[in-house]
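Reading the structure
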Amino acid sequence: MKSDCYVDAGVRVVRGTNLTGGRSFSGEFVFITPEKAVELNSANLSPNDLVFPHRGAIGEVGIVPEDGERYVLSSSLMKLTCDVARAHPDFVYYFFKSAIGRFELLKNSSQVGTPGIGQPLTSLKQIKLRLPPVGEQVAIAAALRALDDRIALLRDTNATLEAIAQALFKSWFVDFDPVRAKSQGLAPAGMDEATAALFPEGVEESALGPVPRGWRAATLAETFEINPSRSLPKDSEAKYLEMAGVPTTGHCAESIAVRAFGSGTKFRNGDTLLARITPCLENGKTAFVDFLVEDEIGWGSTEFIVLRPKAPLPDYFAYLLCRHAPFREFAERSMSGTSGRQRVQNDVLATYRIAVPPSAVAEAFGALINPLRHAITSNHARGATLGALRDALLPRLISGQLRLPDAVALAA
């Protein structure tokens, strides 16, 4: 299917980018006309069909949702329709999420050039799996899906908590909403009288433009530590974060390992890590360090910029600033270097200006924002625990090595 088939709206085309580890599709779709979908005949999908990339994102699997939308396969995907009298789609989905299912799916694959599965349909048809009675399949899949749903709920909760934090950051330090409200004789929305009293009733000119009266405009270099000095003896074992473990959304890092320190950035809890190289910066890679113990120093990629606000700004201010779109656009404009290896220039980034509030406002913001940050960290940890439990149960339930009542007892 060529891209010139795409139209602005119509039948959704499922591509590898729509399969990102979860059961449901994600990301943006492209569309074709209903007439073109009819021409494609067998590429049309039905609810509960399983779909797999055979080129590109091989190893992923998803299920067509029952959402009333029409879907067709892109040319790099294949589909599997279950005989529901013998095989429940959710059970088969979890089979392909297990290590043995993934092995069977990828055993004829090649990673040379663009990853691909050789003779994909033939390979798929030759895969054998153990099928218990359908009722047992349904129960096993339901138990595993319950864990997935709890993990998804925690992720959604964290997305909401971070959106609240971002909205507060923008309201207080970018739009100056409490000041604007007071200048109009109104009570600032969403805050008590004591907090509202911390804000002035007007603005004054500054190098940044109008800022609240009594605040100051300052550069990043004046208000932040940029790549602060941290001590870590060479060859000492320490927690290590590679670029792949830095999230594109949310602040929680993944895949933290322990490695002997060689060469890289060093950080401690409360620091914010901003990817400085293309395309990681443009993709949004940013993390708040909260995975170390007190006074512990970790290290990571040389392509991080380590940021930490100076007092009175709270630590999380740096992370929220790094997620703020105008700041990211400023950082991207500062990039220089050869194509594909462009990096943020620290001396340019250091000139970014922010409005710095008095200590009382900064402390009030920290008191408001820190519980949200702690809740996000806690939810992330709970999600990771549930994910580890699901991954441990999955192969044993699918293979029949563990009975469902025993698994339910473990998950309770």
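Residues numbered from 1 in each chain as written. Predicted model: local features only at pLDDT ≥ 70, side-chain atom pairs only at ≥ 80, totals over all residues. Heavy atoms only, no water.

A short note on the domain arrangement of the protein
Selection criterion: Note that the domain bounds reflect an automated or database-derived domain assignment.
Domain annotation of the protein identifies domain 1 (3-129) and domain 2 (220-356). With centres defined by C-alpha atoms, the gap from domain 1 to domain 2 works out at 37 Å.

Points about helix α2 (residues 89-97)
Quick note on the threshold: Think of it in three bands: residues with accessible area under 20% of the maximum for their type are buried, residues over 50% are exposed, and the middle band is partly exposed, with areas taken using a 1.4 Å probe on protein chains only. A run of H or I in DSSP counts as a helix once it spans at least four residues, and a run of E counts as a strand once it spans at least two, with each numbered from the N terminus.
In terms of burial, α2 is largely enclosed, as 8 of its 9 residues are buried. Residues of α2 that are buried include every one of Pro89, Asp90, Phe91, Val92, Tyr93, Tyr94, Phe95 and Phe96, and no others.

Observations regarding the pattern of salt bridges
Here is the rule: A pair is scored as a salt bridge if a Lys or Arg side-chain nitrogen falls within 4 Å of a carboxyl oxygen belonging to Asp or Glu.
Enumeration according to the criterion identifies 16 salt bridges in this entry. Between Glu39 and Lys36 there is a salt bridge, with its nearest N and O atoms 3.4 Å apart. Taken together, the residues span about one helical turn, with Glu39 and Lys36 both in helix α1 (residues 34-40) at a distance of 3 residues. Residue classification places Glu39 among the exposed positions, given a relative accessible area of 59%. Overlapping salt bridges bring together Arg230, Asp271, Arg308 and Asp315 as one network.

Points about the layout of surface pockets
Put simply, the rule reads: Cavity and pocket criteria rest on a 1 Å grid covering protein atoms alone: a 1.4 Å probe that fits but cannot get out defines a cavity, protein on both sides within 12 Å along at least 5 of 7 lines defines an open pocket, and an atom within 4 Å of a point defines a lining residue. Grid points are joined across faces, edges and corners, and a volume is the space filled by probe spheres set on the points. Here the term charged refers only to Asp, Glu, Lys and Arg, the term nonpolar to Ala, Val, Leu, Ile, Met, Phe, Trp, Tyr, Cys and Pro, and the term polar to all other amino acids, Gly among them.
The calculated volume of the largest pocket comes to roughly 1,500 Å³. For the largest pocket, the lining is made up of 43 residues, of which Thr20, Ile151, Ala152, Arg155 and Glu254 are closest to its centre. Contributing elements (two or more residues each) for the lining of the largest pocket: α2, α5 (134-173) and α12 (359-399). It is α5 that provides the largest number of residues to the lining of the largest pocket, a total of 11 residues. Here the lining of the largest pocket is composed, by residue class, of 15 nonpolar, 16 polar and 12 charged. When residues are assigned to domains, the lining of the largest pocket turns out to be shared by domain 1 (3-129) and domain 2 (220-356), each giving three or more.

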